[in-house]
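# Examination of the molecular architecture
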Amino acid sequence: MALARFGRQVKRQHGVCVKMTAVAILGLCFIFVWSMFSSPSNSVTVQRESFDDIAEPVASSTMVSKSKGKDIEKHDANDNKKKVESSLKEKDDKKVNGSLPLPAHEHKSGKKNEKHVSKRKKDKVKSKLSNKVSKENQENQEQEESQGEEAEKENEDEEEVVVDDKEEGLDGESEEKGEMEGDADVDESVDQETQEMAENENEGKKRKIKGPVFDPKAHYSWKQCSTRSKHNYIPCIDVESGFTRLHGYRHRERTCPKAPPMCLVPLPHDGYDSPVHWPESKLKVLYKNVGHPKLAAYMKNHNWLIKSGEYLMFPQNQSEFKGGVVHYLESIEEMVPDIEWGKNIRVVLDVGCSDSSFVASLLDKDVLTLSLGLKDDLVDLAQVSLERGFATFVSPFARRRLPFPSGVFDAIHCGRCTIPWHAHEGKLLLEINRILRPGGYFILSTKHDSIEEENAMSTLTSSICWNILAHKTDDVSEVGVKIYQKPESNDIYVLRRRRNPPLCKENENPDASWYVPMKTCLHTVPSAIEQHGTEWPEEWPKRLETYPDWLNNKEKAIDDTKHWKDIVDKSYLTGLGINWSTIRNVMDMKAIYGGFAAALLQQKIWVMNVVPVHAPDTLPFIFERGLVGIYHDWCEPFGTYPRSYDLLHADHFFSRQKNRCKHPVSIVVEMDRILRPGGWVVVRDKVEILDPLEAILRSLRWEIRMTYSQNKEGIICAQKTIWRP
């Protein structure tokens with residue numbers, strides 16, 4: 001019994017030892033295998049206090065890599081990103097929501113804007129995390145900066161370019177990209193954004209803040225552009241690709257070069273002279289300033305422009321409309337007496353820009369007409385219109401919206417029109433409906449005899465509830481004129497039997513227009529008191545000094561008007577040395593409320609009020625005052641011919657462009673392109689910007705007529721010379 005009991009105890013102890021030994025061996029095997037297959041980079045997840053040990057990002061949002069090696073590196077980096085992203089998510093969300101204001105242009109609903117800005121910030125953080133994690137944690141800041149400079153050089157050679165944190169390929173045909181570009185604009189004060197980024201260092205991340213707008217130590221050497229369109233080169237419209245050489249050099253859509261042009265447009269080969277001054281330019285211009293073979297061929301079949309000696313003449317009794325344009329305008333007013341040119345109708349868009357005598361005659365009636373020069377017009381009649389001193393711009397008109405807010409034109413005219421409005425589900429006519437003021441007029445004159453086209457146009461206008469006020473075939477002009485009116489309320493939309501085209505969604509902002517595709521939906525008429533377009537403006541000229549109820553910050557608009565009136569009267573007209581009798585075409589590169597244009601109204605000039613896409617959207621109010629303007633992103637060239645403007649005005653413009661454009665000097669090159677020889681530039685800004693800007697202008701052989709500075713701000717008044725470097 002004792003031996004048996006002893007044997008059982010020994011056997012039991014031996015079994016326990018075996019089990020313990022087996023557990024120990026398995027544990028050692030697990031540790032060995034784990035140590036062999038796990039790397040130090042992902043063995044432990046820690047919360048970073050800084051990103052000093054992460055290499056400078058190579059602007060991953062701007063590049064689309066095609067090499068397999070880069071794809072593998074990107075795949076490996078995703079492992080690191082997943083580990084670090086979870087620990088930084090909460091911190092990044094706080095920084096995104098607290099460091100940037102809402103976009104200035106609310107192209108969609110406010111919630112969507114907040115979501116888009118937050119998403120854009122998160123994408124930036126993810127792009128940084130997608131780079132390789134550096135193994136050397138003691139790299140100094142100089143090495144990081146050198147890596148950043150090398151990365152920027154590499155980006156210049158990539159196939160895509162970033163514009164204001166937005167990817168834009170060479171063709172830029174993606175509609176989704178267009179919507180994002182329309183929504184991702186930031187507030188006007190970029191300097192405040194930079195300051196906030198610097199103050200966020202307590203979050204534990206170091207952000208690289210770019211230097212000044214212009215490098216004060218840079219030296220520039222300029223070359224002439226070698227493009228097919230030569231002295232009439234319009235970047236983003238004249239595309240020099242192999243495909244377009246077979247189909248004409250002007251692209252179907254606005255398509256900017258990969259890098260902004262840094263060359264100078266040459267003068268016409270046969271010489272260039274100062275333009276004919278206003279008002280003589282209404283009747284004649286120098287032919288050598290606009291002449292080219294296709295224009296000469298066009299003149300043979302149109303008697304409203306005649307070459308006489310060195311001038312291109314515009315006889316008053318000749319027009320594209322038989323019987324004269326004066327008879328044409330009077331017949332329109334007889335058909336619809338409510339039109340009242342110069343009172344009820346002040347701002348007009350002329351689609352096509354064929355016969356600028358229509359614009360000239362309306363100007364005599366105190367109507368400001370903005371002409372749309374279609375990009376496929378190789379005759380360059382828009383250039384002739386600008387040379388005469390009429391408000392004109394050049395833009396494609398195919399699939400993207402025109403750069404205007406909704407409901408701002410009192411009337412839109414298409415004379416001897418050949419545009420197929422009913423094609424592509426009526427997109428073009430729906431775009432006209434978007435920018436036409438509620439209760440506004442669409443005047444269409446055509447010689448179409450096609451019954452099919454007439455029926456299609458009738459069906460389309462009925463579907464969008466346009467009312468035909470008059471339809472008449474004039475015996476003298478031999479054209480059929482139809483005058484339509486846009487509804488003033490939404491009541492008629494409810495009565496439609498067929499809801500085609502459908503009404504646009506409530507979150508679809510009708511004012512969004514920069515790189516936004518045309519929609520096949522119908523925007524409702526504004527009805528809320530805080531929306532522009534609910535009421536017809538006061539008669540001209542009373543509307544110039546009227547501030548509607550929907551305008552925010554009326555006091556600021558009133559102060560802006562008084563401010564610029566004082567500056568123009570006491571300084572610009574007398575103290576800059578400019579002969580204002582030679583000035584006709586003027587551009588305000590950063591217009592706010594149109595106060596500068598209003599102050600110059602008595603000087604018999606017109607001003608193109610450019611509202612940058614990243615600035616607060618004040619363009620509807622500018623149109624409400626009876627002035628004209630346009631949206632634009634100055635990181636890209638402007639849609640006009642070279643030598644279009646007599647004076648460019650930039651008030652604190654460059655300081656607002658800080659850290660937005662990749663090559664700010666390209667803006668100065670663009671100013672040189674669109675300014676006429678002998679034209680003027682007036683720049684008001686900080687001294688730190690004016691000093692290097694003056695050096696750039698001198699390198700372009702401009703004459704600095706005046707510089708003045710006080711309290712860290714100043715003004716430069718410079719004149720462009722005819723001689724080219």
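Residue indices begin from 1 for each chain and proceed along its sequence in written order. Only residues with pLDDT of at least 70 get local features here, since the model is predicted, and only at 80 or more are side-chain atom pairs given and counted; chain-wide, interface and lining totals rely on the full set of residues. As a rule here, side-chain values cover all heavy atoms of the structure and leave hydrogens and water aside.

## Observations concerning the environment of Met 299
In plain terms, the rule: Helix and strand labels come from DSSP, where a helix needs a run of H or I of at least four residues and a strand needs a run of E of at least two; each type is numbered from the N terminus. Each residue gets one of three labels from its accessible area relative to the maximum for its type: buried under 20%, exposed over 50%, partly exposed in between, using a 1.4 Å probe on protein chains only. We call two residues in contact when some of their heavy atoms are within 4.5 Å.
With respect to the helices, strands and loops of the structure, Met 299 is situated in helix H10 (residues 293–299). Residue Met 299 is classed as buried on the basis of its relative accessible area, which comes to 14%. When the C-alpha positions of Met 299 and Leu 312 are compared, they lie 10.0 Å apart, and in sequence the two are 13 residues distant. Not counting chain neighbours up to four residues away, the residues in contact with Met 299 comprise Tyr 287, Leu 305, Ile 306, Lys 307 and Leu 312.

## Section: the side chain of Ser 385
Tracing the backbone through its elements, the reader meets Ser 385 in helix H13 (residues 381–388). What makes Ser 385 buried here is its relative accessible area of 0%. Aside from chain neighbours lying at most four places away, what touches Ser 385 is Cys 353, Ser 356, Ser 371, Phe 390 and Thr 392.

## So, the pattern of salt bridges
Any two side chains of opposite charge can pair, so long as their charged atoms come close to each other. Rule in force here: When a carboxyl oxygen of Asp or Glu is within 4 Å of a side-chain nitrogen of Lys or Arg, the pair counts as a salt bridge.
Tallied over the entire structure, the rule returns 19 salt bridges. Notably, a salt bridge pairs Arg 434 with Glu 431, separated by 2.8 Å at the nearest N-O pair. Placement of the pair is Arg 434 and Glu 431 together in helix H14 (residues 427–435), with a separation of 3 residues, close to one helical turn. The exposure class of Glu 431 is buried, given its relative accessible area of 3%. What you see here is one network of salt bridges that share partners, running through Asp 410, Arg 437, Arg 543 and Glu 624.

## Observations regarding the pairing of strand S14 (residues 606–612)
Note the cut-off: Pairing between two strands requires that DSSP report at least two bridges joining them. Call a crossover right-handed when, viewed with both strands pointing away from you, the route from the first strand across the helix to the second goes clockwise.
In terms of burial, S14 is a largely internal element, 7 of the 7 residues being buried. Residue alternation in S14 divides its side chains into two sets, Trp 606, Met 608, Val 610 and Pro 612 and Val 607, Asn 609 and Val 611, and both sets are buried. Both strand S13 (residues 585–588) and S14 contribute to a ladder of 4 bridges, which runs parallel. Residue pairing for S14: Met 587 is matched across the bridge by Met 608. Sheet topology note: the S14/strand S15 (residues 628–632) ladder contains 5 bridges and is parallel. Bridge assignment links Met 608 to a residue of S15, and that residue is Val 628. Once you follow S14 into helix H19 (residues 619–624) and on to S15, the crossover reads as right-handed.

## A short note on the confidence of the model for the chain
Keep this limit in mind: A score from 0 to 100, pLDDT tells how confident the predictor is in each residue.
Chain-level pLDDT for the chain is 77 on average; 70% of the residues reach the 70-or-more range. Scored below 50 in pLDDT, residues 106–122 makes 40 contacts in the model with residues more than four places away or belonging to other chains. In the predicted structure, residues 242–247 sits below a pLDDT of 50 and forms 6 contacts with residues beyond four places in sequence or in another chain.

## Structural notes on a negative patch on the surface
Which entries qualify depends on this criterion: Residues enter patches when they are more than 30% accessible in relative terms and free of salt bridges; like-charged ones are connected within 9 Å and nonpolar ones (Val, Leu, Ile, Met, Phe, Trp, Tyr) within 5 Å. Using a 1.4 Å probe, the Shrake-Rupley method yields the accessible areas, and only the shown protein chains count as cover for residues. Under the counting rule used here, the positive set is Lys and Arg, the negative set is Asp and Glu, and His together with the chain ends is not counted. Throughout, a charge is located at the NZ atom of Lys, the CZ atom of Arg, the CG atom of Asp or the CD atom of Glu.
Residues Asp 338, Glu 340, Glu 535, Glu 538 and Glu 539 make up a contiguous surface patch of negative charge. For Asp 338, the location among the structural elements is in the loop between helix H11 (325–335) and strand S6 (347–351). For Asp 338, a relative accessible area of 52% puts it in the exposed group.

## Side note on the state of the cysteines
Rules: Any pair of cysteine sulfurs within 2.5 Å is marked as a disulfide.
The tally for this structure, following the rule as stated, stands at 5 disulfides. Here Cys 225 engages in a disulfide with Cys 263; their sulfurs sit 1.9 Å apart. Between Cys 225 and Cys 263, the S-S dihedral sits near 95°, and the bridge is therefore right-handed. Taken together, the positions of Cys 225 in the loop between helix H7 (190–199) and helix H8 (242–246) and Cys 263 in the loop between H8 and strand S3 (284–286) put the pair 38 residues apart, joining distant regions of the chain. Taking the relative accessible area as the measure of exposure, Cys 225 reaches 8% and is therefore buried. On the basis of relative accessible area, Cys 263 is assigned to the partly exposed category, the value being 21%. The disulfide that involves Cys 236 links it to Cys 256, with 2.1 Å between the sulfurs. Linking Cys 236 and Cys 256, the disulfide has an S-S dihedral of approximately 105° and is accordingly described as right-handed. Taken together, the positions of Cys 236 in the loop between H7 and H8 and Cys 256 in the loop between H8 and S3 put the pair 20 residues apart, joining distant regions of the chain. The two residues Cys 236 and Cys 256 agree in class, both being buried. Each disulfide of the chain joins two cysteines, and with those cysteines numbered along the sequence the arrangement is 1-4, 2-3, 5-6, 7-8, 9-10.

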